[in-house]
Amino acid sequence: AFASITSIRSAQNKEPADRLFAIIMASLITGCGIWVSHIAVLLAYQPEMTFSLSGGVTLGSLLVAVVLSAVGIALGVFFPAQLRWGGAVIGAAVACMHFVTIQSLQMTDWEVLTSKPAVIASLIFVIALSAWAMSFATANPSRWRGTIAVSLFAFAIGIHHLAAIAGTEFVASP
């Protein structure tokens, strides 16, 4: 979260000619950070069933995280007054990446069921908290506001994963 916020701030402060490269770098940092935090939690999960991840779909989830993060970051860099909306798009990147990664789970004799209320709650939390984090990230930058932005963004990612997984049930296939 710290690297993401720092790289987004850096991209905003670049000269116009250097912004595209800075956006690409910030989106790689943000997208990879989102993705690796989710994959680490998923790999640490010790369910009663054996599962593996589809390599192609898992890498696709990384691409989703990076590309949607780039859209959100570009929105905030080129239209600074819209940074909150850029944060919302980054929150959507977290959510989309999560659900694509869940689709990469390969399990024999098990089904993945999700609770619609839990999915909706996780979407609301991650999008709202990410938008709020970005509003702290650059409005009158200070160490205190930066700390709040990083904390909110990390919390957004964590609460999304917890809420989404809480609404996920693994059921043995008949």
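If you're wondering where the values come from, they're calculated on a predicted model, not measured in any experiment.

*Asks:* Can you walk me through the environment of Gln103 in this structure?
*Replies:* By secondary structure assignment, the location of Gln103 is in helix H4 (residues 83-103). Residue classification places Gln103 among the exposed residues on the basis of a relative accessible area of 63%. For the pair formed by Gln103 and Phe79, sequence separation is 24 residues and the distance between their alpha carbons is 34 Å.

*Asks:* Teacher, can you tell me more about the packing of H4 against helix H5 (residues 116-138) here?
*Replies:* The angle between the axes and the distance between the axes are what describe a pair of packed helices. Put simply, H4 and H5 touch, their axes get as near as 7 Å, and they point 140° apart. Between H4 and H5 the crossing geometry is right-handed. Of the residues in H5, those in contact with Leu83, Arg84, Gly87, Ala88, Gly91, Ala92, Val94, Ala95 and Phe99 of H4 are Val119, Ser122, Leu123, Val126, Ile127, Ser130, Ala131, Met134, Ser135 and Thr138. Its residues assigned to classes, the contact of H4 with H5 shows twelve nonpolar, six polar and one charged.

*Asks:* Honestly, the nonpolar core in this entry has me stumped. Any pointers?
*Replies:* Here is a general trend for soluble globular proteins: nonpolar side chains tend to be buried in one another's company. Within the largest apolar cluster, 31 residues are counted, with the highest numbers of intra-cluster contacts made by Ile5, Ile8, Ile34, Ile73, Ile90, Met134 and Phe153. For this core, the secondary-structure elements that each account for two or more residues are helix H1 (2-12), helix H2 (19-44), helix H3 (55-78), H4, H5 and helix H6 (143-166). Excluding its chain neighbours within four sequence positions, the residues that come into contact with Met134 are Ile5, Ile8, Leu83, Gly87 and Phe153. In this structure, Met49, Ile102, Leu105 and Met107 belong to the second largest nonpolar core, which totals five residues.

*Asks:* Before we go on, may I ask you to explain H5 in this structure?
*Replies:* Residues spaced three or four apart along an α-helix point in a common direction, a consequence of the helix completing one turn every 3.6 residues. The end-to-end C-alpha distance of H5 is 34 Å, a good match for the 33 Å that 23 residues give at a rise of 1.5 Å each. Residues Ala118, Val119, Ser122, Val126, Leu129, Ser130, Ala131, Ala133, Met134, Ser135, Phe136 and Ala137 constitute the buried set of H5. Against the buried residues of H5 lie H1, H4, strand S3 (110-114) and H6. Downstream of H5 by one or two residues, Asn140 has phi in the positive range, about 50°.

*Asks:* I would appreciate a short explanation of the packing of H1 against H2 in the present structure.
*Replies:* Viewed as axis vectors pointing N to C, H1 and H2 meet at an angle of 170°, and their least axial separation amounts to 9 Å. Taken as axis vectors, H1 and H2 run roughly antiparallel relative to one another. Residue-level contacts link Ala3, Ser4, Ser7, Ile8, Ala11 and Gln12 of H1 to Arg19, Ala22, Ile23, Ala26, Ile29 and Thr30 of H2. Taken together, the residues of the contact of H1 with H2 break down into seven nonpolar, four polar and one charged.

*Asks:* Is there a simple way to think about the environment of Ala163 in this case?
*Replies:* Examined against the element boundaries, Ala163 turns out to sit in helix H6. The class of Ala163 is buried, set by a relative accessible area of 17%. Distance from Ala163 to Ser54, taken between C-alpha atoms, is 23 Å for residues 109 residues apart in sequence. Other than its neighbours up to four places away in sequence, Ala163 contacts Ala118 and Ser122.

*Asks:* Mind showing me how you'd approach the environment of Ala172 here?
*Replies:* Note that Ala172 resides in strand S4 (residues 168-172). Judged by relative accessible area, Ala172 falls into the partly exposed class, the value being 46%. In sequence terms Ala172 and Gly76 are 96 residues apart; their C-alpha atoms lie 45 Å from each other.

*Asks:* What is the right way to read the side chain of His160 from this model?
*Replies:* Its location among the elements puts His160 in helix H6. With relative accessibility at 0%, the residue His160 sits in the buried group. A distance of 3.4 Å separates a polar atom in the side chain of His160 from the backbone oxygen of Ser122. With near-sequence residues (within four places) excluded, His160 lies in contact with Val94, Ala95, His98, Phe99, Ser122, Leu123 and Val126.

*Asks:* In this structure, what is going on with H1? I would like to understand it.
*Replies:* Listed as buried for H1 are Ser4, Ile5, Ser7, Ile8, Ala11 and Gln12. For H1, the arc enclosing every buried residue in end-on projection is 165°, short of the 170-degree limit, so these residues lie on one face.

How each quantity is defined
- Residues numbered from 1 in each chain as written.
- Predicted model: local features only at pLDDT ≥ 70, side-chain atom pairs only at ≥ 80, totals over all residues.
- Heavy atoms only, no water.
- Helix = DSSP H or I, 4+ residues; strand = E, 2+ residues; numbered from the N terminus.
- Buried < 20%, exposed > 50% of the residue type's maximum accessible area, 1.4 Å probe, protein only.
- Axes fitted to C-alpha atoms, helices over the stretch in contact; angles between N-to-C directions.
- Left-handed = near helix turned anticlockwise from the far one by under 90°.
- Contact = heavy atoms within 4.5 Å.
- Nonpolar A, V, L, I, M, F, W, Y, C, P; charged D, E, K, R; others polar.
- Core = buried A, V, L, I, M, F, W, Y, C linked by side-chain atoms within 4.5 Å.
- Expected span 1.5 Å × (residues − 1).
- Parallel < 35°, antiparallel > 145°, perpendicular 65-115°, else oblique.
- Polar contact = N/O pair within 3.5 Å; in protein donor to acceptor, adjacent residues only side chain to side chain.
- Arc of directions from axis to C-beta.

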